[in-house]
Amino acid sequence: MISTGVRWAESAKRSNRSPFEVLGKTARKSIGVSDEKMLITDNDDTRRLFESCQMKAKTVVNPIIDWTDRNVWDVIKNEKIPVCELYKQGYERLGCIGCPLARKKQREREFYDFPKYKEAYIRAFDRMIEERKDRGKEIKWECGEEVFLWWMQSDDVLGQMSIEDFIN
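Rules of the game
- One numbering rule holds for all chains: residues counted from 1, following each sequence as written.
- In keeping with the predicted nature of the model, local features appear solely for residues at pLDDT of at least 70, side-chain atom pairs appear and are counted solely at 80 or more, and the whole-chain, interface and lining totals rest on all residues.
- Side-chain metrics rest on all non-hydrogen atoms present in the structure, leaving aside hydrogens and water.
- Put simply, DSSP H or I for four residues or longer makes a helix, DSSP E for two residues or longer makes a strand, and each gets a number counted from the N terminus.
- Only protein chains enter the area calculation, which uses a 1.4 Å probe; residues under 20% of their type maximum are buried, those over 50% are exposed, and those in between are partly exposed.
- Residue contacts are defined here by distance: any two heavy atoms, one from each residue, within 4.5 Å place the two residues in contact.
- Areas reported as accessible are Shrake-Rupley estimates using a 1.4 Å probe. Residue values count occlusion only from the protein chains shown.
- The axes are straight lines fitted to the C-alpha atoms, using for helices just the contacting stretch, and the angles between their N-to-C directions are given from 0 to 180°.
- The scheme is simple: roughly parallel for angles under 35 degrees, roughly antiparallel for over 145, roughly perpendicular for 65 to 115, oblique for anything else.
- Polar here means any residue other than Ala, Val, Leu, Ile, Met, Phe, Trp, Tyr, Cys and Pro, which are nonpolar, and Asp, Glu, Lys and Arg, which are charged; Gly is therefore polar.
- Nonpolar core, defined: a set of buried Ala, Val, Leu, Ile, Met, Phe, Trp, Tyr and Cys residues in which side-chain atoms within 4.5 Å join the residues together.
- Nitrogen and oxygen atoms within 3.5 Å of one another constitute a polar contact, given that in protein one can donate a hydrogen and the other can accept it, and given that sequence-neighbouring residues count only through two side-chain atoms.
- Note on pairing: DSSP must find at least two bridges between two strands before they are called paired.
- A pair is scored as a salt bridge if a Lys or Arg side-chain nitrogen falls within 4 Å of a carboxyl oxygen belonging to Asp or Glu.

Enquirer: Whenever I open this one, the overall build of the protein confuses me. Can you help?
Expert: Within the protein, the regular secondary structure consists of 7 helices and 3 strands. Put simply, the protein runs from its N terminus to its C terminus through helices and strands in the order β-β-α-α-β-α-α-α-α-α. Residues counted as buried form 21% of the 168 residues belonging to the protein. Considering only contacts in the protein between residues 6 or more positions apart, those separated by 24 or more positions represent 51%. By element, 54% of the accessible surface of the protein is carried by carbon and sulfur atoms, the whole surface being about 13,000 Å².

What follows is the structure, given as structure tokens:
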């Protein structure tokens with residue numbers, strides 16, 4: 001059994017998660033039977049969790065799935081749990097700097113606050129371009145800086161086209 005800190009309040013995608021989930025193939029799937037519904041009248045998540053026949057599957061429990069941000073911070077404060085200093089600087093979520101899954105504004109702030117990471121991304125993109133050239137692959141960009149602008153969803157990317165360019 002795996003326990004997570006996933007919460008509905010974190011994102012639209014996570015709002016569809018369940019308090020109990022099963023990962024992996026099930027014996028029912030291997031014989032072509034869906035495990036979405038096991039009994040016509042009883043489909044409770046907790047019943048499915050313990051009654052389903054699992055083969056090499058893992059069960060995930062999300063005990064704080066319905067907690068709000070306020071609930072989390074109240075527990076942190078009441079229990080005097082130390083937190084990363086970045087939260088005190090206004091960061092709401094922490095993860096990989098420049099993560100493509102983060103909002104554009106978040107990535108912009110991260111690269112502003114941590115310019116060495118921006119430089120590292122650009123160097124990595126430069127190496128990617130060289131590797132693609134060496135392998136004879138198509139390349140859309142001239143340098144790592146152009147790739148970085150594309151990564152950041154900038155409107156200033158050389159050669160960037162929009163639908164308006166073709167209307168007239």
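Alright, that's what it looks like, and here's the rest.
Enquirer: Explain the packing of helix H5 (residues 104–113) against helix H6 (residues 115–134) here, please?
Expert: Any two packed helices are characterised by the angle at which their axes cross and by the distance between the axes. Running from amino to carboxyl end, H5 crosses H6 at an angle of 105°, the nearest separation of the two axes being 4 Å. With respect to their mutual orientation, H5 and H6 come out roughly perpendicular. Along the contact surface, H5 presents Phe111, Tyr112 and Asp113, while H6 presents Pro115, Tyr117, Lys118 and Tyr121. A per-class count over the contact of H5 with H6 returns 5 nonpolar, no polar and 2 charged.

Enquirer: Please explain the nonpolar core as it appears in this structure.
Expert: A general feature of soluble globular proteins is that nonpolar side chains tend to end up buried together. Ile97, Phe111, Tyr121, Ile122, Phe125, Ile129, Trp141, Val147, Phe148 and Met152 together form the largest nonpolar core, which totals 10 residues. Listing elements by their share of this core, those giving two or more residues are H6 and helix H7 (144–151). Sorting elements by how many residues they give to this core places H6 first, with 4 residues. Those residues in contact with phenylalanine 125 that sit more than four places away from it in its chain are Gly144, Val147, Phe148 and Trp151.

Enquirer: What is the right way to read the side chain of glutamate 21 from this model?
Expert: When you line up the elements, glutamate 21 lands in strand S2 (residues 20–23). Within the local environment of glutamate 21, its side chain forms a polar contact with the side chain of arginine 17, the two groups lying 2.7 Å apart. What glutamate 21 contacts, discounting residues up to four positions off in sequence, is Lys58, Thr59, Val60 and Asn62.

Enquirer: Mind showing me how you'd approach the sheet that holds S2 here?
Expert: In a beta sheet, neighbouring strands are held together by backbone hydrogen bonds and run either parallel or antiparallel to one another. A sheet is described by the order of its strands in space; here 3 strands give the open sequence S1-S3-S2, paired in mixed fashion. Unpaired on one side and paired on the other, strand S1 (2–3) and S2 mark the two borders of the sheet. Judged from the 2 bridges that link them, S1 and strand S3 (residues 58–61) form a sheet pairing that is parallel. Of the residues in S3, the one forming a bridge with serine 3 is valine 61.

Enquirer: Hey, could you run me through H7 in this one?
Expert: Helical periodicity: at 3.6 residues per turn, an α-helix aligns residues three or four positions apart in one direction. For H7, every residue scored as buried is listed here: Gly144, Glu146, Val147 and Phe148. Of the residues flanking the end of H7, it is glutamine 153, one or two places downstream, whose phi is positive at about 60°.

Enquirer: I would appreciate a short explanation of the pattern of salt bridges in the present structure.
Expert: Close approach of charged atoms lets side chains of opposite charge pair. If you walk through the whole model with that rule in mind, you get 9 salt bridges. For the salt bridge of glutamate 85 with lysine 88, the shortest nitrogen-to-oxygen distance reads 3.4 Å. Highlighted residues: glutamate 85 and lysine 88, both in helix H4 (residues 85–88), separated by 3 residues, approximately one helical turn. Accessibility expressed as a relative area gives 48% for glutamate 85, which makes it partly exposed. Judged by relative accessible area, lysine 88 falls into the exposed class, the value being 59%. In this structure, the salt-bridge partner of glutamate 119 is lysine 116, at a minimum N-O distance of 3.9 Å. Of this pair, glutamate 119 and lysine 116 both sit in helix H6, 3 residues apart, which is roughly one turn of that helix. What makes glutamate 119 partly exposed here is its relative accessible area of 38%.

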